[in-house]
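# What the coordinates show
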Amino acid sequence: MGKKKDDADSKEAAALSDIAAAIKNDFPHLTDDDVAAMIARAREDFYNRPIRDFIPLFVERRIRAQLTNQKE
């Protein structure tokens, strides 16, 4: 089970890294630290969830919704 968990953690980290780059690209006024903090805060809500496959998607949606609402 350790190998599968490590693979899942690695995939999640890679997906979150891609999301950070996309958000930074779409919202260039944000610093890398801003984006990292937003991802960390959004990710906390999903910390103990047993199914982790969709967490990067949920994190990205939450951050984009927050940033879009700030623009308006």
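Below is a short write-up of the structure. (Residues numbered from 1 in each chain as written. Predicted model: local features only at pLDDT ≥ 70, side-chain atom pairs only at ≥ 80, totals over all residues. Heavy atoms only, no water.)

## Some points on the packing of aromatic side chains
Counted according to the given criterion, the structure contains two aromatic pairs. Summarising the aromatic geometry, the rings of F46 and F58 are spaced 5.6 Å apart at their centres and angled 35 degrees between planes, so their arrangement reads as tilted. Separated by 12 residues along the polypeptide, F46 in the loop between α2 (32-44) and α3 (55-71) and F58 in helix α3 bring together distant segments of the chain. For F46, a relative accessible area of 13% corresponds to the buried category. For the pair F54 and F58, a centre-to-centre distance of 6.4 Å together with 40 degrees between the ring planes defines the contact as tilted. (Phe/Tyr/Trp six-rings, centres within 6.5 Å; stacked < 30°, edge-to-face > 60°. Helix = DSSP H or I, 4+ residues; strand = E, 2+ residues; numbered from the N terminus. Buried < 20%, exposed > 50% of the residue type's maximum accessible area, 1.4 Å probe, protein only.)

## Thoughts on a nonpolar patch on the surface
Together, I51, F54, L57 and F58 line one region of the surface with nonpolar side chains, adding up to about 390 Å² of accessible area. Within the fold, I51 resides in the loop between α2 and α3. The exposed category is assigned to I51, whose relative accessible area is 61%. (Patch = residues over 30% accessible without salt bridge, like charges linked within 9 Å, V, L, I, M, F, W, Y side chains within 5 Å. Areas by Shrake-Rupley, 256 points an atom, 1.4 Å probe, with all protein chains shown as cover. Salt bridge = Lys/Arg side-chain N within 4 Å of Asp/Glu carboxyl O.)

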